[in-house]
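Structural features, examined
Here's the letter readout for the chains.
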Amino acid sequence: MSTRRDFIKISALGTAGVAVAGSALSLFDRSGLFAADDSTQASLKAVKRYPTYCEVCFWKCAGWTYTDAEGRIQKIIGNEDDPLCNGRLCPRGTGGIGMYYDPDRLKTPLIRVTRNGKQQFAEATWGEALDLVASRMKEIAEKYGPESMALFNHGSPGSHLGHMLKAFGSSNITAPSYAQCRGPREVGFVATFGAAVGSPEPTDIRNTKCLVLIGSHIGENMHNGQVQEMSDAIDNGAAIITVDPRFSTAASKSKYWLPIKPATDMALLLAWIHVLVYDDLYDKDYIRQYAFGFDQLKEHVKNMTPEWAYGITTIKPDVIRKTAWEMAKASPAVIVHPGRHVTWYGDDTQRSRAIAILNALLGSWGRRGGFYYKESASVPKYPYPPYPKPKWNWKDMMKDKYKFAALSVSNDFVEASTASYQGDHKIHGWLVAGTNLPLTMPGMPALKEAFDSLDFIAVVDTMPMEITGYADVILPECTYLERYDDLRKSPSREPTIALRMPAAKPKYDSKPAWWIAKKLGERLGLGEYFNYEDYSEVLDWQLKKIGTSLEEMQKKGVMNLERKYGPLYLAKGEDVKFNTNTGKIELYATDFAAEGFDPIPVYTKHEEPEKGYYRLIYGRTPPHTFSRTANNPNLTDLQKENHLWVNPKVAKLWDLRPGDKVWLKNQDDVVSEFPIKVRVTERIRWDSIYMVHGFGHSDKKLSRAYGKGASDSHLITNIKIDPLMGGTGMRSNFVTFLKEDPGKEVRS
Amino acid sequence: MREELIISGRMNPGIDPYLSLWHWPIPVYLFLGGLAAGILFFASLYTILDREKEMPAAVKWSTFTVPAILSIGLFALFYDLKHQLYFWQLYTTIRLESPMSWGAWVLMLITPLSFLWAGSYLQEAIPSWKWKFKIVQEILDWTARNRKTLSYFIMSLAVILGIYTGILLSAFNARPLWNTSILGPLFLVSGLSTGAATIMWISKSHLERRIMSKIDLMLIIVELFLITHMIMGFLAGSQVQIEAAQLFLGGPFTVSFWVFVIFLGMVFPAILEILELTGFKIPVAVPAILILFGGLVFRFIMVEAGQITRYLY
Amino acid sequence: MRYAMAIDTKKCVGCSDCVVACQTENNVPIGYCRDWITETVDGSYPNVELELRSERCNHCDNAPCVRCCPTGASHVVEGGIVLVTPEECIGCGACIQSCPYDARYSHPEGYVDKCTFCDHLVKRGQEPACVAVCPTKCMYFGDLDDPDSDVSVSLKNRKFKALAPEAGTEPQIFYLM
Ligand SMILES: Nc1nc2c(c(=O)[nH]1)N[C@H]1C(S)=C(S)[C@@H](COP(=O)(O)OP(=O)(O)OC[C@H]3O[C@@H](n4cnc5c(=O)[nH]c(N)nc54)[C@H](O)[C@@H]3O)O[C@H]1N2
Ligand SMILES: Nc1nc2c(c(=O)[nH]1)N[C@H]1C(S)=C(S)[C@@H](COP(=O)(O)OP(=O)(O)OC[C@H]3O[C@@H](n4cnc5c(=O)[nH]c(N)nc54)[C@H](O)[C@@H]3O)O[C@H]1N2
Ligand code: SF4
Ligand code: SF4
Ligand code: SF4
Ligand code: SF4
Ligand code: SF4
Ligand SMILES: [Mo]
């Protein structure tokens, strides 16, 4: 089959960059090991450190990049002043150094060419590559209007390219962090408290007396501040209640582990609400003062008893009661954690609503040991002319498909980019920066159709990830250790800013995203939006506006500011208005009711695996982030592939032994591209199998990651769309084992 | 079900998934050390007993092999070092607690002595031989004159060397299979047995062959007794030692151990020797080679299998 | 002075941060490590127990690796820290064979390497890299002879165990349970 845009697996033409390969290893043959004491002192003096904040995940911990006497990056250590990491990075942050040293990095701009009838990438200069991107963008703008250019982004490069795209005339910008991640949670919490949870989550875990984790696997999910605070909570003797079909690491540290039947959490949540309400355990003053719709809620959950939930969840009624009492005992210092990656079964906004309601009943929102009022630093924007007003944006594109989508839904962008799309507002060109769509977005067929239909795709990435295989132009960004980026202004208990600056010159011919955006902007005639030579000028201007300077921040890395908007917690009986229609915490969601959705969550039964099939569930492993670290030399050294967790009973049935390689076939007969090694473990239920997301890379240029383990994304073809906000539920996929290599044809 | 995993992907070559640090040079070295010890033991023994005439192969001819055996052994040891440029550090200190250290020193002493011993008999073997340097001749003459006194010295060193080849392993209580005090005597006896076999093989005198054959038979019986004792000891020991013994009792080393070491390396040659002693004509090379081969395989198995056994915790 | 470490298995999440931090701090070549994580799962679903442990050289009081070293390259310094001097090590492997914990490895340059308790940092009054990085703050390092040190205090208040005590090496890494 010939497609317009073949996925290019073969290596690039030309040989530039070969000389620098292998540098990851040379890092370690420093002879400092034999150094006598005084020369150690001398080399200590030559050690320099540069502030940064981590880009290996989106917690954005601030740290210091250390270079040795030769100016080589040696290690990254957390910044003590940073409230997000308290001087301790997570394994991925510590191993972030491997992103810099990875010899497989993208080294030069690459342009798709056809030679001898074969599509290949040819090395190009930045001038050639940027000229090409600019001219294709102009073509698209002339033909269909600038709005037809869209940006898929995740992480730091997004804001630079987003700025360029908005100046160009399009606000069609999207990220997987909404429809594939925390969108439903934000909608559920907005509907309840009038406020989103946001990132980092304002959960006061270190002061809590009871932490309830619904599938949220903190400890494997290494979002740093939460892991640290969960550990503090353990020290403080807090009761942890974990609801997970898998014996997660958090479950092993819990007072109660509820090994729930997957896809039935809603029933458990409703039963908990039932117990809190009918056993009179809820925070009465809080509810009376702040809540709306308690009576409707009470009526709604009348029959949703623990006994009812037992039949659905397999969690015993007395356990449901005991755990509800445990939460009530701790109230209001209790957190029913909203989770983060919540796009599970399509009713995720409603499940998040149920969680929000539980928190309301326990009075934990705005309370010590519950949810605090976060605050972020405000830094003025560097001056530039106003953006042109686009004729249409993503809201018009999907009309009123998802009433509650506050941010753009990435899947809509994909749909609007396909030839078969019937809408008025079509997308014709993509910029992709910092997101590996083939492993990130479920629904590869739609994605492939988009790749075939689009006029133009440019990808800004650091690694030859799968997404680059579909690009017309690849623009190699340098890693976060080699560049300036925007100031980090993450909300926290106190407003805080952090600086990222280069610790070394960009390796190879890679460039920072701000530079790429600026150079593209200039080619598009948008120079006035990029009124600086170096991004450090922007930062210095901003920092001076808030009373510091680039110079000072280069020494400090992090600056913590005074809170401006009141204390962390509600005062007793404090009069507050919530940002909802009723001004109250809405146990009954008036917004939902108005649009014909359930104002109070209901339990719906989800699909179940047929005989011989097992529910595919996935999650995180501490030393990796999604697909982005699967080739990182330091982190693959810790874990180089994912394993398939199989219950011993299932293993016996299928005669699977630890280490056996199997292929997986899902309900739609999609077969995993690579085999995965079996781990026989009591940590997983007999009706499910588990694997870590982010492995099974198919791009051969990833020398360490290629073919290691299997990709969950590949097997997720049954997508349960959340009708409220478009989230893509990914856990209704069922797989069976193939013990023989099914052969290439089947797998494609 | 119990599951024990290393989850940080520890892949230290030579250590994981199980220890496989020592390869062929170490068993070869242990075998050659034992063999040299055996030959020198009998050479010095019969010198002390004033039986040079009856036992020419034991006292003279077989010792010509020893300098070569020890040199190859030492080379194997050196070859196995991973930081070879620093090997001289071995001789900057004597560490009595370290078998590796006193083994190195014993070899340091016994190797030159073996050269002297063999050298001093060279003219007997090749009457036309003339040393180029006078000093050499003088030293060798001195050796010949003091042979008796030297014999006491060499015999003690030979015993130490023989025991050392076993203690080198048994000192490692981290490897349950090695961690038995029987290994020292066992390797000594096994070394003596290979030495006796070599002498027997080289000897042209019927009487000498008979004597060595008898001695060897005795040594094999002692060896079998010690091995039984060792296995019984393991089985009565801790879990890790029981598991160690299991390597030979159904585990991966069962066939090589029982077939090559016990049967072909001990029982069968013993039978042949008995037959020979009772008058059957059996080419002496056959039991001798079997014993040598058995001794070598024994050391390979002990080194290999021992590295698999480890503490479980 | 007697340096030791106590590691709280109730808090450790097995994240391997201590392993990467050690590698970058001590230039441990990729493919090797001085510390590692073990996972032990017991029971059967849903009655399961899990123990995660960060392991490394135990800086044994009765260290067989030091005893069997023929050159003295393996030695004990102030505070009971067991070290290897690369220029004295001949790479014979005796110490590797003698360690019940498999805590040592043969460095690609030939000498034997292992955890140093980050003596270069400790000398400067800092914590070992693995202790300093641990996101769960589950490792305590310090002087057992000082009753107020982090280790001493944690051992006073908690049940603990050491690994393979039957090997007789008197290990100095303790696991709080
Ligand atoms: N099947 C499945 N799908 C999922 C999930 C799942 O668990 N299972 N999780 C979902 C969730 S919660 C999320 S948040 C998303 C995450 O989705 P993504 O953010 O797309 O995740 P990654 O796979 O890490 O892809 C990151 C890409 O950014 C590149 N990159 C890394 N650093 C830089 C940089 O500094 N500059 C540039 N330009 N590029 C960089 C990497 O090389 C890689 O190509 O995935 C979602 N999709
Ligand atoms: N190490 C590491 N940490 C990360 C990331 C990473 O890539 N690597 N990514 C970060 C990001 S962006 C996100 S969004 C978060 C995601 O982290 P979380 O929000 O904690 O993760 P989830 O994907 O919701 O949950 C995975 C867990 O859900 C369980 N589970 C599966 N099905 C069900 C079910 O039906 N019911 C219940 N109750 N549980 C179920 C699985 O067994 C697994 O333990 O992690 C963040 N932290
Ligand atoms: S949690 Fe880890 S990966 Fe994420 S930003 Fe912090 S250190 Fe980096
Ligand atoms: S860093 Fe801490 S929590 Fe992580 S594995 Fe090591 S000891 Fe455990
Ligand atoms: S743990 Fe091993 S290497 Fe460390 S002191 Fe003990 S025996 Fe020696
Ligand atoms: S390998 Fe080095 S440190 Fe170990 S015993 Fe031999 S000389 Fe000593
Ligand atoms: S104390 Fe230092 S050398 Fe030892 S494991 Fe920790 S970081 Fe590595
Ligand atoms: Mo996410």
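Residues numbered from 1 in each chain as written. Chains lettered and ligands numbered in written order. Predicted model: local features only at pLDDT ≥ 70, side-chain atom pairs only at ≥ 80, totals over all residues. Heavy atoms only, no water.

1. Some remarks on the overall build of chain B
Broken down by element type, chain B carries eleven helices and one strand. In sequence order, chain B lays out its α and β elements as β-α-α-α-α-α-α-α-α-α-α-α. Relative to its length of 313 residues, chain B is compact, with a C-alpha radius of gyration of 21 Å against a globular reference of 20 Å. Along the first, second and third principal axes, the C-alpha set of chain B runs to 75 × 50 × 25 Å. Counting every position in chain B, which comprises 313 residues, the buried fraction comes to 54%. Long-range contacts, defined here as pairs at least 24 residues apart, represent 76% of the contacts in chain B between residues at least 6 apart. Here chain B has roughly 13,700 Å² of accessible surface; of this, 72% comes from carbon and sulfur atoms. Averaging the locations of the 21 positively and 18 negatively charged side chains of chain B gives two centres separated by 8 Å. (Helix = DSSP H or I, 4+ residues; strand = E, 2+ residues; numbered from the N terminus. Rg over C-alpha atoms; globule rule 2.2 N^0.38 Å. Buried < 20%, exposed > 50% of the residue type's maximum accessible area, 1.4 Å probe, protein only. Contact = heavy atoms within 4.5 Å. Areas by Shrake-Rupley, 256 points an atom, 1.4 Å probe, with all protein chains shown as cover. Lys, Arg positive; Asp, Glu negative; His and termini not counted. Charge placed at Lys NZ, Arg CZ, Asp CG, Glu CD.)

2. A word on the interface of chain B and chain C
Between chain B and chain C, the contact holds 41 residues from the first and 51 residues from the second. The junction of chain B with chain C conceals about 3,900 Å² of combined surface from both sides, 54% of it contributed by carbon and sulfur atoms. Counting the contacts that link chain B with chain C gives three salt bridges. Of the charged contacts, one joins Asp102 of chain C and Arg175 of chain B as a salt bridge, the two residues approaching to 2.9 Å between their closest N and O atoms. At the boundary of chain B and chain C, one finds 24 residue pairs in polar contact (both at pLDDT 80 or more). (Buried area = accessible area lost by both parts, 1.4 Å probe. Salt bridge = Lys/Arg side-chain N within 4 Å of Asp/Glu carboxyl O. Polar contact = N/O pair within 3.5 Å; in protein donor to acceptor, adjacent residues only side chain to side chain.)

3. Brief notes about the sheet that holds strand S8 (residues 210-214) of chain A
Residue and element names in this part refer to chain A. Across the sheet, four strands lie side by side as S10-S9-S8-S12; this open sheet has parallel pairing. Two strands close off the open sheet at either side, each with one partner strand: strand S10 (256-258) and strand S12 (334-336). Taken over all neighbouring pairs, the strand axes of this sheet differ in orientation by 5 degrees on average, direction set aside. Relative to strand S9 (residues 239-243), S8 runs parallel, the two sharing five bridges. Bridging across to S9, Ile214 finds its partner in Val243. Its contacts with the sheet put helix H15 (residues 348-362) on S8 and S12, and the angle it makes with S12 is roughly 165 degrees. (Pairing = 2+ DSSP bridges. Axes fitted to C-alpha atoms, helices over the stretch in contact; angles between N-to-C directions.)

4. With respect to the site of ligand 3
Taken together, Cys54, Val56, Cys57, Trp59, Lys60, Cys61, Leu89, Cys90, Arg92, Gly93, Met222 and Asn224 of chain A make up the full set of residues adjacent to ligand 3. In terms of residue class, the shell around ligand 3 is made up of eight nonpolar, two polar and two charged. (Near = heavy atom within 4 Å. Nonpolar A, V, L, I, M, F, W, Y, C, P; charged D, E, K, R; others polar.)

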